[in-house]
Amino acid sequence: MSNQMEQLREQLDEVNLEILDLINRRAELVQEIGKVKSKQSMYKFDPVREREMLDNIKKHNTGPFEDATIDHIFKEIFKAGLELQKDDHQKALLVSRKKQPENTVIEINGTKIGNGSANYVFGPCAVESYEQVAQVAEAVKAKGLKLLRGGAFKPRTSPYDFQGLGVEGLQILKRVADEYDLAVISEIVNPAHIEEAVEYIDVIQIGARNMQNFELLKAAGEVDKPVLLKRGLSATIQEFINAAEYIISRGNANIILCERGIRTYETATRNTLDISAVPVLKKETHLPILVDVTHSTGRRDLLLPTAKAALAIGADGVMAEVHPDPAVALSDSAQQMDIPTFDKFFEEITDLENRLK
Ligand code: PEP
Ligand code: MN
């Protein structure tokens with residue numbers, strides 16, 4: 001190597017170290033500014049300030065770099081600075097395993113969800129009458145189970161379909177819960193109903209159609225009741241996780257996720273059960289996850305095989321709909337189990353559960 005080349009390279013090495021020193025000095029200043037902004041609850045990204053800095057830098061640019069190149073380089077430096085300013089919660093979501101490595105375990109009516117044992121949530125699609133719910137409750141209770149589901153506010157595709165009994169439905173659930181010592185899970189669709197609903201129910205369900213109803217998520221995050229959050233019809237796992245983050249960010253960490261199938265081009269089933277979402281969510285979050293085999297398949301003949309798949313893949317439990325007389329059910333008639341089918345289903349799924357132990 002020529003002497004000149006060696007000298008130039010030496011100078012370059014020196015300049016590199018000077019740049020390194022300068023960008024780290026800049027980073028320290030950026031961190032200090034970040035602390036001030038945090039105290040004042042200011043947004044970290046300030047587009048007006050960035051524009052001013054870029055303009056000022058380019059005003060002094062004498063080349064040989066072109067302005068566009070300078071823009072690009074400094075934008076990268078600004079971006080790295082912004083990353084440094086982010087608070088911890090912006091780096092890792094509260095629902096993430098990064099934030100909390102151990103599983104969240106939720107205790108409802110003496111049963112624990114998320115501690116490795118299988119849980120079951122059975123009950124009718126919709127609350128239709130006291131007798132209808134009580135018949136299912138009796139079958140649930142007979143199996144030693146503790147959780148009962150039933151919709152009082154039904155988010156139906158058509159406005160002309162049965163919309164649920166509303167508060168009267170919640171009152172029926174409460175009466176049945178007290179009589180049979182069960183905890184009840186019911187969907188709430190309106191943030192304004194949450195306060196009243198928690199008087200009657202043990203778990204607030206947020207349905208697939210409301211997974212991104214952010215006001216509802218925030219309202220559910222503000223009460224001291226477990227929330228069962230269903231995955232949206234066309235929601236990605238990331239969107240699902242962020243919906244859960246809305247709830248936890250308001251203070252309520254008792255969240256159960258529920259995979260209930262997603263919209264695809266497949267028509268053989270009502271939705272496509274995204275079974276691999278279970279281990280993905282287990283890996284990404286510390287929250288328990290149930291699989292709703294009823295709404296994902298929409299087919300009675302697929303309830304058992306998909307429930308088996310759910311347990312085998314590591315879900316914390318299964319949800320399925322049971323109705324004393326599905327043929328005349330006011331909603332989801334084609335997919336609810338009658339009581340004898342339910343008995344058989346439970347026998348087989350618990351048999352698999354024991355074999356998996
Ligand atoms: C339900 O569980 O009653 C229900 C309506 O399910 P989804 O929100 O998953 O469609
Ligand atoms: Mn249903």
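Predicted, not measured: the structure shown is a model, and the values here were computed from it.

What counts, and where the lines are drawn
Residues numbered from 1 in each chain as written. Chains lettered and ligands numbered in written order. Predicted model: local features only at pLDDT ≥ 70, side-chain atom pairs only at ≥ 80, totals over all residues. Heavy atoms only, no water. Helix = DSSP H or I, 4+ residues; strand = E, 2+ residues; numbered from the N terminus. Rg over C-alpha atoms; globule rule 2.2 N^0.38 Å. Buried < 20%, exposed > 50% of the residue type's maximum accessible area, 1.4 Å probe, protein only. Contact = heavy atoms within 4.5 Å. Areas by Shrake-Rupley, 256 points an atom, 1.4 Å probe, with all protein chains shown as cover. Pairing = 2+ DSSP bridges. Right-handed = clockwise from strand over helix to strand, strands pointing away. Near = heavy atom within 4 Å. Polar contact = N/O pair within 3.5 Å; in protein donor to acceptor, adjacent residues only side chain to side chain. Axes fitted to C-alpha atoms, helices over the stretch in contact; angles between N-to-C directions. Parallel < 35°, antiparallel > 145°, perpendicular 65-115°, else oblique. Left-handed = near helix turned anticlockwise from the far one by under 90°. Nonpolar A, V, L, I, M, F, W, Y, C, P; charged D, E, K, R; others polar. Patch = residues over 30% accessible without salt bridge, like charges linked within 9 Å, V, L, I, M, F, W, Y side chains within 5 Å. Salt bridge = Lys/Arg side-chain N within 4 Å of Asp/Glu carboxyl O. Lys, Arg positive; Asp, Glu negative; His and termini not counted. Charge placed at Lys NZ, Arg CZ, Asp CG, Glu CD. Core = buried A, V, L, I, M, F, W, Y, C linked by side-chain atoms within 4.5 Å. Phe/Tyr/Trp six-rings, centres within 6.5 Å; stacked < 30°, edge-to-face > 60°. Lys NZ or Arg CZ within 6 Å of the ring centre and 35° of its normal. UniProt positions renumbered as here; feature names shortened; annotations may be inferred.

1. Let's talk about the overall build of the protein chain
Turning to step 1, where the next piece is worked out: For the protein chain, the helix and strand inventory stands at 13 helices and ten strands.
Turning to step 2, where the next piece is worked out: For the protein chain, the C-alpha radius of gyration of 27 Å lies well beyond 21 Å, the compact-globule estimate for 357 residues.
Turning to step 3, where the next piece is worked out: Overall size of the protein chain, expressed as C-alpha extent along the three principal axes, is 90 × 45 × 40 Å.
Turning to step 4, where the next piece is worked out: By residue count, 44% of the 357 residues in the protein chain fall in the buried class.
Turning to step 5, where the next piece is worked out: A sequence separation of at least 24 residues applies to 68% of the contacts in the protein chain between residues at least 6 apart.
Turning to step 6, where the next piece is worked out: Accessible surface for the protein chain amounts to roughly 18,600 Å². Of this, 52% is attributable to carbon and sulfur atoms.

2. Things to note about the pairing of strand β9 (residues 289-292)
Turning to step 1, where the next piece is worked out: With burial as the criterion, each face of β9 is covered, one bearing Ile289 and Val291 and the other bearing Leu290 and Asp292.
Turning to step 2, where the next piece is worked out: Two elements, strand β8 (residues 255-259) and β9, share three bridges in a ladder whose sense is parallel. In the strand pairing of β9, Leu257 is matched with Ile289.
Turning to step 3, where the next piece is worked out: As a crossover connection, the stretch from β8 through helix α10 (residues 277-284) into β9 is right-handed.

3. Things to note about the site of ligand 1
Turning to step 1, where the next piece is worked out: All residues adjacent to ligand 1 are Arg149, Lys154, Glu187, Gln205, Gly207, Ala208, Arg209, Lys230, Arg260 and His295.
Turning to step 2, where the next piece is worked out: Between an oxygen atom of ligand 1 and a side-chain N or O atom of Gln205, the distance comes to 2.9 Å.
Turning to step 3, where the next piece is worked out: In isolation ligand 1 offers 300 Å² of accessible surface; the protein chains occlude 97% of this area.

4. Side note on the packing of helix α9 (residues 237-249) against α10
Turning to step 1, where the next piece is worked out: Remark: α9 packs on α10, axes separated minimally by 11 Å, with the N-to-C direction vectors making an angle of 50°. As judged from the angle between their axes, α9 and α10 are oblique. Of the two possible hands of crossing, α9 and α10 adopt the one that is right-handed. Contacts from Ile237, Phe240 and Ile241 in α9 reach Ala277, Val280, Leu281 and Glu284 in α10.
Turning to step 2, where the next piece is worked out: Here the contact of α9 with α10 is built from residues that sort into six nonpolar, no polar and one charged.

5. Some points on a negative patch on the surface
Turning to step 1, where the next piece is worked out: A cluster of acidic side chains, namely Glu6, Glu10, Asp13, Glu14, Glu18, Asp21 and Glu28, defines a negative patch on the protein surface.
Turning to step 2, where the next piece is worked out: Among the structural elements, Asp21 can be located in helix α1 (residues 3-39).
Turning to step 3, where the next piece is worked out: Under the relative-accessibility criterion, Asp21 is labelled partly exposed at 46%.

6. Let's talk about unusual backbone geometry
Turning to step 1, where the next piece is worked out: In the segment running from Gly63 into Pro64, the intervening peptide bond is cis, with an omega of 10°.
Turning to step 2, where the next piece is worked out: Tracing the backbone through its elements, the reader meets Pro64 in the loop between α2 (47-59) and α3 (67-85).
Turning to step 3, where the next piece is worked out: The residue Asn109 is not glycine, and still its phi comes out positive at about 50°.
Turning to step 4, where the next piece is worked out: Structurally, Asn109 is set in the loop between β1 (106-108) and β2 (111-113).
Turning to step 5, where the next piece is worked out: Under the relative-accessibility criterion, Asn109 is labelled partly exposed at 29%.
Turning to step 6, where the next piece is worked out: With a phi angle near 50°, Asp181 is a residue other than glycine that sits in the positive phi range.
Turning to step 7, where the next piece is worked out: Relative to the helices and strands, Asp181 is located in the loop between α6 (167-180) and β5 (183-187).
Turning to step 8, where the next piece is worked out: Asp181 sits in the partly exposed class, given a relative accessible area of 37%.

7. Considerations on the nonpolar core
Turning to step 1, where the next piece is worked out: By size, the foremost hydrophobic cluster in this structure holds 71 residues, and its most contacted members are Phe122, Leu148, Ile206, Leu229, Leu257, Phe345 and Ile349.
Turning to step 2, where the next piece is worked out: Within the second largest apolar cluster, 13 residues are counted, among which are Val121, Ala183, Leu228 and Leu290.

8. Considerations on the packing of aromatic side chains
Turning to step 1, where the next piece is worked out: Inspection of every chain in the model, using the stated rule, returns seven aromatic pairs.
Turning to step 2, where the next piece is worked out: By way of ring pairs, the aromatic residues Tyr120, Phe122, Phe342, Phe345 and Phe346 are connected into one cluster.
Turning to step 3, where the next piece is worked out: A cation over a ring is seen here: Lys143 above Phe342, with NZ or CZ 4.2 Å from the ring centre.
Turning to step 4, where the next piece is worked out: Sitting over the face of the ring of Tyr130, Arg175 holds its NZ or CZ atom 3.6 Å from the ring centroid.

9. Notes on the UniProt feature "coiled-coil region" (unreviewed entry) in the protein chain
Turning to step 1, where the next piece is worked out: The residues that UniProt annotates with the feature "coiled-coil region" (unreviewed entry) are residues 5-32.
Turning to step 2, where the next piece is worked out: Between the first and last C-alpha atoms of residues 5-32 the distance is 41 Å; the span itself is 100% helix and 0% strand.

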